[in-house]
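Examination of the molecular architecture
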Amino acid sequence: MRQPEINPASGNTRVSIRPGVGILSVLRHLNYKPWFAMAEFVDNSVQSYLHNREKLEALHGKNFRLKVEIEIERSDQVLIRIRDNAAGIAKADYARAFRPAELPNDRTGLSEFGMGMKSAACWFAPRWKVRTSALGESVEKTISLDIDSIVRDDIQELDVVEAPARANDHFTEITLIEPYDKLQTKTGGKIKDHLASIYRIFLREQTIELWVNREKLVYESPKILVAPYFKTPAEPPQTWLREFEFDFGLDLKAWGFAALREVASTSTAGFALFRRGRLIEGSLDEPYRPEFIFGTGNSYRRQRLIGEIHLEGFEVSHTKDGFQWNDHEQPFLELLRDELENENLKLLSQAEGFRARAAQRELKAEAEKASTRVVETLQKEVPRVLEEQSAATPVLEPFPETVPPDQTAVSKVIEVDHRGAKWRITIELAMDAAIEDWLSISDKPATKGGDPREITVRMSLNHPFMQQYCRVDSGEIEALTRVAAAFGLAEITARDAGVQQYGTIRRNVNQLLREALSKP
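Scope of this entry: the structure provided in the associated data block. (Residues numbered from 1 in each chain as written. Predicted model: local features only at pLDDT ≥ 70, side-chain atom pairs only at ≥ 80, totals over all residues. Heavy atoms only, no water.)

**Points about the overall build of the protein chain**
Heads up, the rule is: Here a helix means four or more residues in a row that DSSP labels H or I, a strand means two or more in a row labelled E, and each is numbered from the N terminus. The globule rule is 2.2 Å times the number of residues to the power 0.38, and the radius of gyration it is compared with is taken over C-alpha atoms. Partly exposed describes any residue whose relative accessible area lies between the buried limit of under 20% and the exposed limit of over 50%, with all areas from a 1.4 Å probe on protein chains only and scaled to the type maximum. Contact criterion: two residues are considered in contact whenever any of their non-hydrogen atoms come within 4.5 Å of each other. Using a 1.4 Å probe, the Shrake-Rupley method yields the accessible areas, and only the shown protein chains count as cover for residues.
For the protein chain, the helix and strand inventory stands at 16 helices and 25 strands. Its C-alpha atoms give the protein chain a radius of gyration of 32 Å, clearly above 24 Å, the size a compact globule of 520 residues would have. Expressed along its principal axes, the backbone C-alpha trace of the protein chain runs to roughly 110 × 55 × 40 Å. With 520 residues in all, the protein chain has 46% of them scored as buried. Sequence-distant contacts in the protein chain: of pairs separated by 6 or more residues, those separated by 24 or more amount to 69%. Accessible surface, the protein chain: about 27500 Å² in total, of which carbon and sulfur atoms supply 50%.

**A closer look at the pairing of strand β13 (residues 241-247)**
The criterion, for reference: A pair of strands counts as paired when DSSP detects no fewer than two bridges linking them.
With burial as the criterion, only one face of β13 is covered, namely that bearing Arg 242, Phe 244 and Phe 246; the residues Leu 241, Glu 243, Glu 245 and Asp 247 on the opposite face remain uncovered. Here seven bridges tie β13 to strand β14 (residues 253-260), and the two strands are oriented antiparallel to one another. Across the sheet, residue Leu 241 finds its bridge partner in β14, namely Ala 259. Where β13 folds back onto β14 in an antiparallel hairpin, the turn is made up of five residues, including Gly 249, whose phi is positive at roughly 80°.

**Examining the sheet that holds strand β22 (residues 410-418)**
To keep things clear, this is the line we draw: Working convention: axes come from line fits to C-alpha atoms, limited for helices to the stretch in contact. Angles between N-to-C directions cover 0 to 180 degrees.
With respect to topology, four strands assemble into an open sheet ordered β22-β23-β25-β24, the strand pairing being mixed. This sheet does not close on itself; its edge strands, each paired only once, are β22 and β24 (439-444). Pairs of neighbouring strands in the sheet enclose a mean axial angle of 15°, with direction left out of account. With nine bridges connecting them, β22 and strand β23 (residues 421-430) associate as antiparallel partners.

**Observations concerning the nonpolar core**
Note on soluble globular proteins: their nonpolar side chains tend to be buried together. Inclusion rule: Remark: nonpolar core denotes a set of buried residues (Ala, Val, Leu, Ile, Met, Phe, Trp, Tyr, Cys) joined through side-chain atoms within 4.5 Å.
Among the nonpolar cores identified, the biggest contains 65 residues, and Met 38, Phe 41, Phe 98, Phe 124, Trp 128, Leu 176 and Leu 195 are the most heavily contacted of them. Element by element, the count of residues in this core is highest for helix α2 (residues 34-51), at nine residues. Residues in contact with Leu 176, not counting those within four places in the same chain, are Phe 41, Val 78, Leu 79, Ile 80, Ile 82, Ala 121, Phe 124, Ala 125, Arg 127 and Trp 128. Core analysis: the next-biggest nonpolar cluster, separate from the first, contains 33 residues, Trp 240, Tyr 288, Ile 293 and Leu 333 among them.

**Details of the packing of aromatic side chains**
The following threshold applies: Two aromatic rings from Phe, Tyr or Trp, using only the six-membered ring of Trp, form a pair when their centres are within 6.5 Å; if the ring planes differ by under 30 degrees the pair is stacked, by over 60 it is edge-to-face, and anything between is tilted. Both a distance and an angle decide whether a charge sits over a ring: NZ of Lys or CZ of Arg must be within 6 Å of the ring centre and within 35 degrees of the ring normal.
In the structure shown here, the tally under the stated rule is 21 aromatic pairs. Lying over the aromatic face of Trp 211, Lys 67 brings its terminal NZ or CZ to 5.0 Å of the ring centre. Over the face of the ring belonging to Tyr 300 we find Arg 355, whose NZ or CZ atom lies 3.5 Å from the ring centre.

Below is the structure:
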């Protein structure tokens, strides 16, 4: 490969950035998320440190640690500064560092595409500069880039401003000037959380220190469930964590651990996938949760199953936020599922079957949130409906003997003996959008020929209330089906006991759920 050169001109050092100048203008449109773009700078710092670790420790001692600091400054203009104490950009690498799409000589580390700093900087800001001093070189170099000017004027070489430095100075500082995204409080907070997640391995091993706005980042691992297997609650508790390693050919390997969270979480449970110690997929609230392992909807597995899985032999996207599976994902998932449901520790079964009693503090916090939302809806939507119901005539008519047919319904039938009589009870979950009521009831008396009394309690899954508040999850559907069954059978027994106008409550509940309480 032809090595780019640094050429002196007019007393200044200049660096060639040809060919590929036009690439710089399109980097703004990469499909980055702010935390993965910021991670490109951290990757370069980590790789510089790892490549020069022996030299750095020889100079500073075995306790030397890489330190990366990110600062978002807001004054006359918004600046983002990323500074590290790694080995700096050496003279031999300087031109390559600024030439678009110039691959590094060593692609086995975190800097493998030759685009990380350039693509992330151009994505973040229209103007940026790099100041660096390389270990062992007595010069500090600064280069500034204005992407619009470079592309408009077809600039092929950039000035490098040099200043004296001590041979033992070593750092790189990147300044992003007036970034497109000003990184307000919410985004800035997410960047901190995601960076801690992405570099958790390095942070856990204390290989690096990572600071954002003078806050040292720490990754807090969730607590692991310690409990008996749900089918044998009398047995001693066990820790629900399993380490594994498997090879599925073609130089593809996976190793790591899977576990169950002590406290369920709908947003952060799931797997984190790593390559070369750096997270690629599954950061923080964007976990890797394939349906083959986690099921659909908001299953209990999706709330408890977690893990850190290291993959070897796979390529990644050029933005390093996803793996290129190339038809190997399904074999990987099948082998992984076998590991998770090992006879000695059935993680998937435990995740699905275990139920923990919520701590009083957690329960109260969730109750506060729920009650606040309900009260707001009641205040906004309910008064009109209550006025209509107060003026309506009570329901006097008897139950119909059948409910209108629904070919798409799911139904289960049971027979029970009640006070010497047989009842055949059908619990039906209707999916026909034309069914208006959330709860419908029919009651067909027993016949003289000995046929049992036939009762149907139907709940509509396509009712607006269900669409708004019940996701496609068997646990949630089961809970509301139990409530509907309780309503329906209570109304039947109330009528049998002589209660007058027994259908009025159900009519009013159906109206409230459709016209008021289905509203967010």
